[in-house]
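As a plain string of letters, each chain reads:
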Amino acid sequence: MKHNTILVTGGAGYIGGHTCVELLAAGFNVVVIDNLSNSKIESLERVQKITGKPLAFENIDIRNLTGLRALFAKYDIGAVMHFAGLKAVGESCQKPLAYYQNNVYGTLVLLEAMRDADVRHIIFSSSATVYGASATPPYTEDMPIGAINPYGRTKAMIEDILRDLANADQLTPTQKPWKIALLRYFNPIGAHPSGLIGEDPNGIPNNLLPYISQVAVGKLAQLSVFGNDYPTKDGTGIRDYIHVVDLARGHVKAIDVLESFLFNAGGCKAYNLGTGIGYSVMEVIAAFEQASGQRIHYKISPRRAGDLAECYANPDLAYQELGWKAEKNLLDMVADTWNWQSQNPNGYDS
Ligand SMILES: NC(=O)c1ccc[n+]([C@@H]2O[C@H](COP(=O)([O-])OP(=O)(O)OC[C@H]3O[C@@H](n4cnc5c(N)ncnc54)[C@H](O)[C@@H]3O)[C@@H](O)[C@H]2O)c1
């Protein structure tokens, strides 16, 4: 049976919003819940403008079991895409309880509501941070996980919880087993090519691309490049940047695969969503300057504790099993970021 209505937690956020566009375009009905702690309702107005299709929105926190129960009673939900969560590594070191409470406890409440409503298909937003420092890139899904900060540990813990759920079904076979995809994102950047939706961080951005683009529009004076003495091609850190639209499309592929023979008996599988190509900070700056025609002022600062020299995926499993691979290149990513930022210098408040 095809799942026609997808519950998207955190759907007003950056990746969730782009995924709503792809889900609506693929013919799914979409119900979004979000507590708007890191997003604006305007993003969902724009999702509907891009697609010309309506979606349902409820302002519900994933920790609100009563609210979730009412939601599952109201809508005929077939599967859940679970994006809701706090995501700043630095903040997670300062406020670990807030991160465990929101991300881990919130996911437990969501899973309880799903179990009670007999909705057992879930796609979870995991992260390359679960590979930690013990594995060496290119990362493959079978490498041991060992996150090195509270944010990463919330992701690793949630992965464990989801694997345990699927394993329990193997012990006591059930008519309706859990079917779970853990999507490990590498570094999502870019924006929808329309320029209507994109990343709109609160306050000073934590990630490279929003920072660069705010320097480009003059909101921030200069970029700090953390470390130029890594053992990499130009000394700056290397990451696997992936266009957010490619990432969003990976979720639509994953929903289809949960229905396929691969998951006939249920189960929980992890997939890397990356391009497999690593770019240095200096290469990203150069590409952004080329796409935008703007000069990016930067200074070299000391390395940040916990940053890895290199992080990139082996994305072969996603290609083999989901039939997905990234289509967009670095120039597409930076050009779409610039298109979004220049049209919306103050994000959704523009
Ligand atoms: N952006 C990245 O670089 C990246 C990388 C790897 C994984 N992820 C994961 O992907 C998911 C989405 O990331 P994003 O970049 O779109 O972040 P985002 O902050 O833009 O979106 C998350 C959304 O969840 C909502 N939310 C947070 N806590 C909630 C709660 N308790 N109840 C209801 N809503 C809640 C926020 O308001 C926000 O709209 C997150 O789980 C994040 O950890 C992101």
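Quick caveat: nothing in here was measured; it's all calculated off a predicted structure. (Residues numbered from 1 in each chain as written. Predicted model: local features only at pLDDT ≥ 70, side-chain atom pairs only at ≥ 80, totals over all residues.)

S.K.: Would you take a moment to explain the sheet that holds strand β9 (residues 238-239) for this structure?
M.R.: The pairing of strands in a sheet comes from backbone hydrogen bonds and takes either a parallel or an antiparallel form. Judged by pairing direction, the sheet is mixed, and its three strands sit side by side in the order β12-β9-β14 without closing on themselves. For this open sheet the edge positions go to β12 (279-280) and β14 (310-311), each flanked by a neighbour on one side alone. (Pairing = 2+ DSSP bridges. Helix = DSSP H or I, 4+ residues; strand = E, 2+ residues; numbered from the N terminus.)

S.K.: Please explain the site of the ligand as it appears in this structure.
M.R.: Residues in contact with the ligand amount to 28 residues; listed here are only the nearest, G10, G13, S39, G85 and S125. Sorting the residues of the shell around the ligand by element identifies α1 (14-25), α5 (96-117), β5 (121-127) and β7 (187-189) as the ones contributing at least two each. If you tally residues by element for the shell around the ligand, the top one is α1, at three residues. In the shell around the ligand, the residues fall into 10 nonpolar, 14 polar and four charged. (Near = placed C-beta within 6 Å. Nonpolar A, V, L, I, M, F, W, Y, C, P; charged D, E, K, R; others polar.)

S.K.: When you look at the nonpolar core in this model, what are you seeing that I'm missing?
M.R.: The tendency in soluble globular proteins is for nonpolar side chains to be buried side by side. Ranked by size, the top nonpolar core spans 96 residues in total, and within it I6, C20, V30, V32, L183, I212 and V284 carry the most contacts. A per-element tally of this core places helix α8 (residues 244-258) first, with nine residues. Residues from two domains meet in this core; each of domain 1 (5-190 + 241-273) and domain 2 (208-239 + 277-349) gives at least three. (Core = buried A, V, L, I, M, F, W, Y, C linked by C-beta atoms within 7 Å. Buried ≥ 20, exposed ≤ 12 C-beta atoms within 10 Å, placed from the backbone. Domains from an automatic or database assignment.)

S.K.: What's the story with the domain arrangement of the chain in this structure? I'm lost.
M.R.: Many authors give the size of an interface as the accessible area that is lost as the parts come together. Assigned domains of the chain: these are domain 1 (5-190 + 241-273) and domain 2 (208-239 + 277-349). Spacing between the C-alpha centres of domain 1 and domain 2 amounts to 24 Å. When contributions to the side of domain 1 that touches domain 2 are tallied by element, the ones reaching two or more residues are α2 (42-51), β7, β10 (241-243), α8 and β11 (267-273). The dominant element in the side of domain 1 that touches domain 2, judged by the number of residues it contributes, is α8, at seven residues. For the side of domain 1 that touches domain 2, the class distribution of residues is 16 nonpolar, eight polar and six charged.

S.K.: Just to check I follow, could you spell out helix α6 (residues 150-171) for this structure?
M.R.: Given 3.6 residues to a turn, an α-helix orients residues that are three or four positions apart in the same direction. Taking 1.5 Å of rise per residue, the 22 residues of α6 would be expected to cover 32 Å, and the 31 Å separating its terminal C-alpha atoms lies within 8% of that figure. If you check which residues of α6 are buried, you get P150, Y151, G152, R153, T154, K155, I158, E159 and L162. (Expected span 1.5 Å × (residues − 1).)

S.K.: What is the right way to look at the sheet that holds strand β6 (residues 179-185) in this model?
M.R.: One open sheet holds the seven strands; their spatial order is β3-β2-β1-β4-β5-β6-β11, and the pairing between them is parallel. Pairing within the sheet leaves two strands with one partner each, and these edge strands are β3 (56-58) and β11. In this sheet, neighbouring strand axes are inclined to one another by 20 degrees on average, regardless of whether the strands run parallel or antiparallel. When strand β4 (residues 79-82) meets β5, the two strands line up parallel, connected through three bridges. Its bridge partner being in β5, M81 is matched across the sheet by I123. (Axes fitted to C-alpha atoms, helices over the stretch in contact; angles between N-to-C directions.)

S.K.: Would you mind going over the packing of α1 against α8 with me for this structure?
M.R.: Any two packed helices are characterised by the angle at which their axes cross and by the distance between the axes. Running from N to C, α1 and α8 cross one another at 60 degrees; their axes reach a closest spacing of 8 Å. If you check the angle between α1 and α8, you find them oblique. Here α1 runs over α8; the crossing is right-handed. In this structure, α1 contributes Y14, I15, H18, T19, V21, E22 and L23 to the contact, and α8 contributes V244, V245, L247, A248, R249, H251 and V252. For the contact of α1 with α8, a count of residues per class yields nine nonpolar, three polar and two charged. (Parallel < 35°, antiparallel > 145°, perpendicular 65-115°, else oblique. Left-handed = near helix turned anticlockwise from the far one by under 90°. Contact = placed C-beta atoms within 7 Å.)

S.K.: Just to check I follow, could you spell out α1 for this structure?
M.R.: Helix length check: α1, at 12 residues, gives a terminal C-alpha distance of 17 Å against a target of 16 Å (1.5 Å per residue), a fit within 8%. Of all 12 residues making up α1, 11 are buried, and the element is well covered by its neighbours. Residues of α1 that are buried: Y14, I15, G16, G17, H18, T19, C20, V21, E22, L23 and L24.

S.K.: What is the right way to look at the pairing of β5 in this model?
M.R.: A regular strand places its side chains on the two faces of the sheet in alternate fashion. Taken across its seven residues, β5 has seven buried, putting it largely inside the fold. Because side chains alternate across β5, one face comprises the buried residues H121, I123, S125 and S127, and the other comprises I122, F124 and S126, equally buried. As paired strands, β5 and β6 are joined by seven bridges and run parallel to one another. Bridge pairing in β6 links I123 to A181.

S.K.: What is the right way to look at unusual backbone geometry in this model?
M.R.: The phi torsion of most residues other than glycine is negative, and most of the peptide bonds are trans. Note the cis peptide between P137 and P138, where omega equals 5 degrees. Along the polypeptide, P138 turns up in the loop between β5 and α6. You will see that L36, though not glycine, has its phi angle at about 60 degrees, which is positive. A residue is classified by how many C-beta atoms lie within 10 Å of it, and L36, with 13 of them, is partly exposed. Phi angles above zero are rare outside glycine, and D118 is one such case at about 65 degrees. Structurally, D118 is set in the loop between α5 and β5.

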